[in-house]
Amino acid sequence: MFLLFWFCLPKPLFKSPTSYVIDDANGQLLGASIASDGQWRFPPNTEVPEKFKQCIISFEDKRFMHHPGFDALAFGRAVKQYFRSKKVTSGGSTITMQVIRLSTKHKRTIWNKLKEIFMAMRLECSYSKAEILSLYGSNAPFGSNVIGLDAASWRYFGRSPDKLSWGEMAAMAVLPNSPSLVHPGRNRAILLKKRNVLLDKLHRQGIIDSTTASLAKLEPVPDRPVPLPQLAPHLLVRFRADNKNSLHGETRIRTSIKANLQQQVNEILERHHQVLKANDINNIAAIVLDVETGATLAYAGNIAHAEDPTMESDVDVINAPRSPGSTLKPLLYASMLHDGLLLPNSLMPDIPTQIAGYHPENFDLNYDGAVPASRALSRSLNVPAVKMLQQFKYERFYDFLHQVGITTLKQPADHYGLSLILGGGENTLWELSGAYADMARVLNHYNKYNGKYDPADYHSPVYTYPGVTKPELQKSGLLDAGSIYYTLQAMEEVMRPGEEMLWQQFSSSQRVAWKTGTSFGFRDGWAIGITPKYVVGVWVGNTDGEGRPNLTGINTAAPVLFEIFRLLPVARSWFEMPVGEMVKIKVCRQSGYRAGQHCDDTDEQWVPQSGLKAPVCPYHQLVHLSPDGKWQVTGNCVPPDQIVNKSWFVLPPSMEYYYKTKNYQYHVLPPFRTDCVQGGSSNPMEIIYPKENAKIYVPLEADGRRGRVIFNAAHRQAGIKIFWHLDDEYVGETKDFHQVALNPSAGKHTLTLVDGNGNTLHLAFEVLAK
């Protein structure tokens, strides 16, 4: 009998599925989904509000706190009433017995009643009175398909149980006894009467005073269920997906979301959506992260228009792989600084480029010839970025992205190639925002950790606050703090949209390091911003991948980004310069490289320590000039004592061709005097397009005729003629503007250029038949 008594309880007591529920950081309900059995049943709540405790004990089981699970007096009264009226007028069940009946789902028979008494007494042996009340409050029926006090409180009053008044809580307490009382338009008078009887009882017992009882009776009883909050529906779906394989996993979590911020972000997205949909741009998403922890403070995976299926608003874009456009460029810039491959302002080529058939172009289709790396980043120029990746190697960058938590690159590195830096792969707003937060976190921790690095600073975002762990510090990190600092400095110089353009004129403006991205075909617009405290990421586009005119990061996502930043507290200070990770060296003012022996115009600059191994300026050279400085000369035509030796900033002809049109201070190298033989100097002529061994396809024109190929060259000397030859046949000459249009047949060809001084260039290329 003892063994039967001890092992009579089912394990677990309740096996019914529960709703998935998410709360904000303060415990406020953000959203919930109905359980798999069609019931609104929230996970058990261990804390029972004092009002419910007083109401339910007074109404159901006044000796609950004293009996061992079975109330002999109440049971005897019920039996006596049964024999008097020949029908059940009082069940005599205690709250503990009702918990057993809810667990076992027994039918109401005398034999089952005896079993409930037996099991209730066993339940009292292992559970406290508070725990039994919690079990009852979590599993009692409250009308319709609502189970449990927590779900009922939100369904009928739109508030959590701890915020209910005495009148509302009394109505909740009488419902489990007759849950069918709550139906829209039915039985409300009976419910009102039962509630008021309970309020009078509470007054007689001294639990509430007469004023409270009178006011409580004036309150209306529930009419019909109210909609539950849906502040973060996409996060709720994500939470369900993350826990769907967990058989006994927790279905309710307290997230790191701030409800007020979440609501404001939702309103901003909806406001911008109303404008964007006029251009058939239907979807928009945003995320706000706390830099220190990586915790998500706002998670708006899309707009909320479930009534319109064409909007596809159920798609969580935050976790959807999309082409990232230019948003990976800051990571490449920081990596190259970290490896000492460049200095913050080293000049990078910005000229027409063709690499193994890949022909990147800048967004505005223009070229600067050469541009400082930091400015190339702030202006988001594509050609310099591809040149940088070619130098860094796309295989290394591919591995680096995996190290910072990018998991969406499923194909091998060769599949993406150099296009990886311009959005050739796919990334998620979740992981990209997390990678930006990683950089800010490492920089914030540099001084805190006395110049050391914690590998755990690189981690994916989370939507619950993580526990505190002791850092395992190392002398070096994936990226050094100096490289990150200069990356964020360059990102701060990105031109802001609209009224934000003049942000530096106002002392109250918030400093933000940020980057935009636009995918090929105007399908995705991105904007991600960083401050020492927060990271904000925004995506705009269509979930079905349809491109739209003017769907760019700067026009669509950036305005949303800065509106969200205006909701956040302004940081008191900017990122501190990690001086311990930097050295002061001489830098060539014109080229941005480490100063060489011929650089006579230098600046002392702090650079990352890896900058000590950065290349020396390749563009300054010593030239020999005539006494009047108008000609280059050699010792063969001018006496050595009359030669003027001068340091000169000289770019390759193709870079010079574009650079001199935008930089008035650039001085073209003087030509050689006609009576001087040009020594071993570099060729003053360069072919801009096509490049060596290029493969060219010539498309048909609108009229069906075969098009022409535009060949382009640059020459350092103004006014000189270039004679063009295709397969050793003369095809024409150019002066000043060196372009010719040719129609070579399919197959391999050789282009030969000869200038007026006899300098010659040969280039092999192939025209594809199809």
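Further up the page is the structure itself.
Residues numbered from 1 in each chain as written. Predicted model: local features only at pLDDT ≥ 70, side-chain atom pairs only at ≥ 80, totals over all residues. Heavy atoms only, no water.

Engineer: Could you give an account of the overall build of the protein chain, with specific residues and numbers?
Structural biologist: Scanning the protein chain from N- to C-terminus turns up 21 helices and 24 strands. Relative to the 2.2 N^0.38 estimate, which gives 27 Å for 770 residues, the radius of gyration of the protein chain is 38 Å and therefore markedly larger than a compact globule would have. In terms of overall dimensions, the protein chain has C-alpha extents of about 135 × 65 × 55 Å along its principal axes. Considering only contacts in the protein chain between residues 6 or more positions apart, those separated by 24 or more positions represent 65%. Summed over all atoms, the accessible surface of the protein chain reaches about 36400 Å², with 53% contributed by carbon and sulfur. Charge-centre separation for the protein chain: the mean point of 81 positive side chains lies 12 Å from the mean point of 74 negative side chains. (Helix = DSSP H or I, 4+ residues; strand = E, 2+ residues; numbered from the N terminus. Rg over C-alpha atoms; globule rule 2.2 N^0.38 Å. Contact = heavy atoms within 4.5 Å. Areas by Shrake-Rupley, 256 points an atom, 1.4 Å probe, with all protein chains shown as cover. Lys, Arg positive; Asp, Glu negative; His and termini not counted. Charge placed at Lys NZ, Arg CZ, Asp CG, Glu CD.)

Engineer: Mind laying out the side chain of S374, listing which residues take part and the relevant values?
Structural biologist: Looking at where S374 falls in the secondary structure, it is placed in helix α14 (residues 373–378). Side chain to side chain, S374 and N345 meet in a polar contact 2.5 Å long. Not counting residues within four places of it along the chain, the set of residues in contact with S374 comprises Y333, P344, N345 and A490. (Polar contact = N/O pair within 3.5 Å; in protein donor to acceptor, adjacent residues only side chain to side chain.)

Engineer: Tell me what's going on with the state of the cysteines, and back it up with residues and numbers.
Structural biologist: Across all of its chains, the model carries one disulfide by this definition. The disulfide that involves C637 links it to C676, with 1.6 Å between the sulfurs. Here the disulfide of C637 and C676 is right-handed, its torsion about the S-S bond being about 90 degrees. One end of the pair, C637, is in the loop between β15 (620–625) and β16 (644–649); the other, C676, is in the loop between α21 (653–662) and β17 (685–689), and 39 residues separate them in sequence. Exposure remark for C637: the relative accessible area of 19% places this residue in the buried category. By relative accessible area, C676 is classed as buried at 8%. (Disulfide = S-S within 2.5 Å. Buried < 20%, exposed > 50% of the residue type's maximum accessible area, 1.4 Å probe, protein only.)

Engineer: Give me the lowdown on the sheet that holds strand β24 (residues 760–768), citing residues and values where you can.
Structural biologist: Read from one edge of the open sheet, five strands run β18-β24-β23-β20-β21, paired in mixed fashion. Edge positions in the open sheet fall to β18 (694–697) and β21 (729–735), since each of these has one partner strand only. Each strand of the sheet is rotated relative to its neighbour by a mean of 30 degrees, with strand direction disregarded. Two elements, strand β20 (residues 721–726) and strand β23 (residues 747–755), share five bridges in a ladder whose sense is antiparallel. Note on β23: the bridge partner recorded for W724 is L753. (Pairing = 2+ DSSP bridges. Axes fitted to C-alpha atoms, helices over the stretch in contact; angles between N-to-C directions.)

Engineer: Describe the packing of helix α12 (residues 259–276) against helix α20 (residues 553–565), listing the residues and the values that go with them.
Structural biologist: Taken N-terminus to C-terminus, the directions of α12 and α20 make an angle of 155 degrees; their axes are 10 Å apart at the nearest point. Comparing the axis directions of α12 and α20 gives the class roughly antiparallel. As α12 packs across α20, the resulting crossing turns out to be right-handed. Between α12 and α20, the contacting residues are V265, I268, L269, R271, H272 and L276 on the first element and T556, P559, V560, E563 and I564 on the second. (Parallel < 35°, antiparallel > 145°, perpendicular 65-115°, else oblique. Left-handed = near helix turned anticlockwise from the far one by under 90°.)

Engineer: Describe in detail unusual backbone geometry, supporting the description with residues and values.
Structural biologist: Residue P12 follows K11 across a cis peptide bond; omega there is -5 degrees. In this structure, P690 follows Y689 across a cis peptide bond, with omega equal to 0 degrees. Mapping P690 onto the fold places it in the loop between β17 and β18. Of note, the phi angle at K393 is positive, near 85 degrees, even though the residue is not glycine. Summarising the element assignment, K393 is placed in the loop between α15 (382–392) and α16 (394–403). Among the residues examined, K393 registers a relative accessible area of 46% and is labelled partly exposed. Positive phi, normally seen in glycine, also occurs at D728, with a value near 70 degrees.

Coordinates in, geometry out; function isn't part of it.
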